[in-house]
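Descriptive structure summary
For reference, the chains in residue letters:
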Amino acid sequence: MECVFGLVGDGFVIVASDTSAVNSILVHKTNEDKIMKLDSHKFVAASGESGDRVQFTEYIQKNVALYQFRNGIPLTTAAAANFTRGELATALRKNPYMVNILLAGHDKETGPSLYYIDYIATLHKVDKGAFGYGSFFCLSLMDRHYHSGMSVEEAIELVDKCITEIQSRLVVAPPNFVIKIVDRDGAREYAWRESVKDTPIAQPEALGV
């Protein structure tokens, strides 16, 4: 029951994601960060099959870093989105990645932007977007409450409404979410919304072994 969603505000982009690592009927962990930082002013939030999600987002991250290393300048958010879309399109005809992506960034010239990229390599620049079962609730809430030029406080309030709705309406709802923001000061973690904490594994010394 993955949920990834984001929106563009006044000079920033906020993206939120559930943090559950699930396989079939099993929950393996509830603190899996699915929002990967690409560089100082970009990150990518992904949902999909765990192996595809991790492998593909790491592949994009390393290639974005390689471009900056070779050329001395970072990719713009639009260029990173188009590169990501191109790689998905190439893989689609060989060995498709079952991964859906929201790519967020902030550029000096163009400001904040959010790109919607699905597993069949559809690319759109959007003001708000969502993937997963939670999108049924997030998109309707954002249609009602979203407006251009939102402040950080307004955006966080809307994100919390989405999280509350997901947790109260989905049959198997993810308990924890991570929220990240990118603006002119860079990409960074904003907050966690946790209702369940993973129990730490006891070390042998603590058990007297």
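Because the structure is predicted, anything quoted here is derived from the model rather than measured.

Conventions adopted
Residues numbered from 1 in each chain as written. Predicted model: local features only at pLDDT ≥ 70, side-chain atom pairs only at ≥ 80, totals over all residues. Heavy atoms only, no water. Phe/Tyr/Trp six-rings, centres within 6.5 Å; stacked < 30°, edge-to-face > 60°. Helix = DSSP H or I, 4+ residues; strand = E, 2+ residues; numbered from the N terminus. Buried < 20%, exposed > 50% of the residue type's maximum accessible area, 1.4 Å probe, protein only. Pairing = 2+ DSSP bridges. Axes fitted to C-alpha atoms, helices over the stretch in contact; angles between N-to-C directions. Contact = heavy atoms within 4.5 Å. 1 Å grid on protein atoms, 1.4 Å probe; cavity = no way out; pocket = protein on both sides within 12 Å on 5 of 7 lines; lining within 4 Å. Points joined across faces, edges and corners; volume = space filled by probe spheres on them. Nonpolar A, V, L, I, M, F, W, Y, C, P; charged D, E, K, R; others polar.

A closer look at the packing of aromatic side chains
Applying the stated criterion to the full structure yields four aromatic pairs. Aromatic pair F56 and Y97: ring centres 4.7 Å apart, planes at 45 degrees, arrangement tilted. One end of the pair, F56, is in helix 1 (residues 50-71); the other, Y97, is in the loop between helix 2 (77-92) and strand 7 (99-107), and 41 residues separate them in sequence. F56 sits in the buried class, given a relative accessible area of 0%. With 6.5 Å between their ring centres and 45 degrees between their planes, Y133 and F136 make a pair best called tilted. Look at Y133 and you get partly exposed, because its relative accessible area is 46%. Of the aromatic side chains, those joined through ring pairs into one cluster are F56, Y59 and Y97.

A short note on the sheet that holds strand 10 (residues 128-132)
Reading across from one edge, 10-1-2-11-12 is the order of the five strands in this open sheet, with antiparallel pairing throughout. The sheet is open, and its two edges are formed by strand 10 and strand 12 (186-193), each paired on a single side. Between one strand axis and the next, the sheet turns through 15 degrees on average, direction left out of account. With five bridges connecting them, strand 1 (residues 3-8) and strand 10 associate as antiparallel partners. Bridging from a neighbouring strand, F5 pairs with A130 of strand 10. Running at roughly 165 degrees to strand 10, helix 3 (residues 135-145) makes contact with strand 1 and strand 10 of the sheet.

Observations regarding the pairing of strand 8 (residues 111-117)
Among the seven residues that make up strand 8, six are buried, leaving the element largely enclosed by the rest of the structure. Connecting strand 7 to the next strand, strand 8, in antiparallel fashion are three residues. Examined bridge by bridge, strand 8 and strand 9 (residues 123-126) share four bridges and lie antiparallel to one another. Paired with Y115 across the two strands is K125, which belongs to strand 9. Counted between consecutive antiparallel strands, the loop separating strand 8 from strand 9 contains five residues, among which A121 sits at a positive phi close to 70 degrees.

Regarding the layout of surface pockets
If you add up the space inside the second largest pocket, you get close to 290 Å³. If you go around the second largest pocket, you meet 13 residues; those closest to its centre are H41, P74, H106, D107 and K108. For the lining of the second largest pocket, a count of residues per class yields two nonpolar, five polar and six charged.

Focus on the sheet that holds strand 9
Taking strand neighbours across the sheet as the criterion, the five strands line up as 5-6-7-8-9 in an open arrangement whose pairing is antiparallel. The outermost strands of the open sheet, each flanked by one partner alone, are strand 5 (35-39) and strand 9. On average, each strand axis in the sheet is tilted by 25 degrees relative to the strand beside it, whichever way the strands run. Pairing geometry for strand 5 and strand 6 (residues 42-48), over four bridges, is antiparallel. Residue D39 lies in a different strand from strand 6, and its bridge partner there is K42. Where helix 2 meets the sheet, it contacts strand 6, strand 7, strand 8 and strand 9, and its direction lies at approximately 160 degrees from that of strand 7.

Worth remembering: the numbers are spatial, not functional.
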